[in-house]
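Close look at the chain arrangement
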Amino acid sequence: MDPLRLIPELPKVDLHVHLDGCIKPATLLRLASRQGMPIPAASEEELLQYVQVREDCASLTEYLTKFDFVLPYLQTSEALEQVAYEVVEQAAEQRIRYIEVRFAPQLHRSAGLTASQTIYHVVQGLRRGEADFGVKARAIAICMRHHTVSANLEVVEAAARYIGHGLVAVDLAGDESAYPAALFREVFESARSCGISITIHAGEASGAENIEEAVLRLGAERIGHGVRLREDDSILHLVRERQIPLELCPTSNIQTKAVDGWEAYPIRQYYDQGVKFTVNTDNPGVSGTNITKEYQVIAQKFGFTLGEISRMILNGVEASFLEPNEKQALKRDFESVLHRLGVYGSPQPPLN
């Protein structure tokens, strides 16, 4: 059997996926109709140009315009629950067994929802999906770099109410170059005082110094993207020694120009240097990808074996924000399946 053909059968996790980057065109059309909102397309095919980037995406700025288009339709409890539910449905189709779905509560409030209510409805959608599709699903609340400290503290306060009840962490996202991580020490000090786990977008659109700040000052337990970590050997050493997992999103990182093409993508370098990382989708709807494609592309372009890919998958289990007992149960489940498939526990030949 061609080893690449086995990748779809592997159990998987996705720890870095944005709710508003997952919406299906058909769902967007239905939401627009139900909400009585205009939409500049009559079919799913016509809508793709507004919600999905092309292969020649020129920049992160162009990439982010897709979110500006989608967000107005994601302001109601019904919309949030439906899209969260469908994220889990789509995960099940890719044999994902655990997913962490992140979203920014303050971006979904124009119709009157509170930050706490947005979290509630996303969690409800994830729970329905978990019950129907057998995929364990949790939420991550995002603080936005361009928001005020008070707005972000409100997110942390709301998130604290849902820890242990469907939400597992808080995040920081947005324009990294204009709003460096050091500006958010107060916000994440509050999160730590509440016992909330932390992941930070860093080292994507700006340099490795933001990763250092996120780890040493903000309390980041994981780093979103981190592709620019290699720019500073001392910070790379810090991340490797502390075993801080990077949440790599290969296709998205190429499309947003976080790196200059596949030949410059550092995933093989990180693997060989012992930097811990996970492989994720970021925004499947915007990027036109899924977790199976992500593993297939890195196998093809960087020669990763199925044995190495199984290690990455287990990295994802270990890096998850699940409770220790849940994490151990999930790890045993994954190891059992990987052993049965014959891709864990023994060396594998390179993929051609």
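Identification of the chain as Adenosine deaminase from Cohnella boryungensis is taken from an unreviewed UniProt entry. Looking at the Function (unreviewed entry) heading of the UniProt record, one finds this comment for the chain: "Catalyzes the hydrolytic deamination of adenosine and 2-deoxyadenosine." Regarding the chain, the relevant UniProt record gives this comment under Sequence similarities (unreviewed entry): "Belongs to the metallo-dependent hydrolases superfamily. Adenosine and AMP deaminases family. Adenosine deaminase subfamily."

1. Focus: the layout of surface pockets
Estimates place the volume of the largest pocket at around 640 Å³. Forming the walls of the largest pocket are 31 residues, and the residues nearest its centre are Leu64, Phe67, Met144, Ala173 and Gly174. Per-element accounting of the lining of the largest pocket gives the leading share, 6 residues, to helix H3 (residues 60–70). Its residues placed into classes, the lining of the largest pocket shows 13 nonpolar, 11 polar and 7 charged.

2. Details of the sheet that holds strand S8 (residues 277–279)
Here we have 8 strands laid out as an open sheet, ordered S1-S2-S3-S4-S5-S6-S7-S8, and parallel in their pairing. Strands with a single pairing partner mark the edges of an open sheet, and in this sheet they are strand S1 (12–18) and S8. If you compare each strand with its neighbour and ignore which way they point, the axes differ by 25° on average. Seen against the sheet, helix H13 (residues 291–302) touches S1, strand S2 (96–103) and S8 and runs at an angle of roughly 105° to S1.

3. Overview of the packing of helix H4 (residues 77–93) against helix H5 (residues 115–133)
With their axes 7 Å apart at the nearest point, H4 and H5 run at an angle of 35° to one another. When the axes of H4 and H5 are compared, the crossing they make is right-handed. On the side of H4, the interface is formed by Ser77, Leu80, Glu81, Gln82, Ala84, Tyr85, Val88, Glu89 and Ala92, while H5 contributes Thr118, His121, Val122, Gln124, Gly125, Leu126, Arg128, Gly129, Glu130, Asp132 and Phe133. Counted by class, the contact of H4 with H5 contains 8 nonpolar, 7 polar and 5 charged residues.

4. So, the pattern of salt bridges
One pass over the structure, following the stated rule, counts 23 salt bridges. Put simply, Glu326 and Lys136 hold a salt bridge, and the shortest N to O gap is 3.5 Å. Within this pair, whereas Glu326 is found in helix H15 (residues 324–341), its partner Lys136 is found in strand S3 (residues 136–144), the two being separated by 190 residues in sequence. With relative accessibility at 22%, the residue Glu326 sits in the partly exposed group. Connected through salt bridges with shared partners, the residues Glu100, Arg102, Asp171, Arg222 and Glu247 form a single ionic network.

Definitions and cut-offs
- All residue numbers refer to positions counted from 1 along the written sequence of the respective chain.
- Under the rules for a predicted model, residues below a pLDDT of 70 receive no local features and side-chain atom pairs below 80 are neither given nor counted, while totals for whole chains, interfaces and linings still include all residues.
- Computation of side-chain values covers all heavy atoms of the structure but excludes hydrogens and water.
- UniProt positions are given in the numbering used here, feature names are shortened, and annotations may be inferred rather than shown by experiment.
- Buriedness for pockets is judged along seven lines, at least five of which must meet protein on both sides within 12 Å for an open set on the 1 Å grid over protein atoms alone, while cavities are sets there where a 1.4 Å probe fits but cannot get out, and lining residues have an atom within 4 Å of a point.
- Grid points are joined across faces, edges and corners, and a volume is the space filled by probe spheres set on the points.
- Every helix listed is a DSSP run of H or I at least four residues long, and every strand listed is a run of E at least two residues long, numbered separately from the N terminus.
- Each residue receives one of three labels: charged for Asp, Glu, Lys and Arg, nonpolar for Ala, Val, Leu, Ile, Met, Phe, Trp, Tyr, Cys and Pro, and polar for the others, Gly being one of them.
- Here, strands pair whenever DSSP counts at least two bridges between them.
- Axis definition: a line fit to C-alpha positions, over the contact stretch in the case of helices; interaxial angles, taken between N-to-C directions, run 0 to 180 degrees.
- We call two residues in contact whenever any of their non-hydrogen atoms come within 4.5 Å of each other.
- Should the near helix be turned anticlockwise from the far one by less than a right angle, the crossing is termed left-handed; should it be turned clockwise, right-handed.
- A side-chain nitrogen of Lys or Arg and a carboxyl oxygen of Asp or Glu constitute a salt bridge if their distance falls within 4 Å.
- Only protein chains enter the accessibility calculation, which uses a 1.4 Å probe; a residue is then buried when its area is under 20% of its type maximum, exposed when over 50%, and partly exposed in between.

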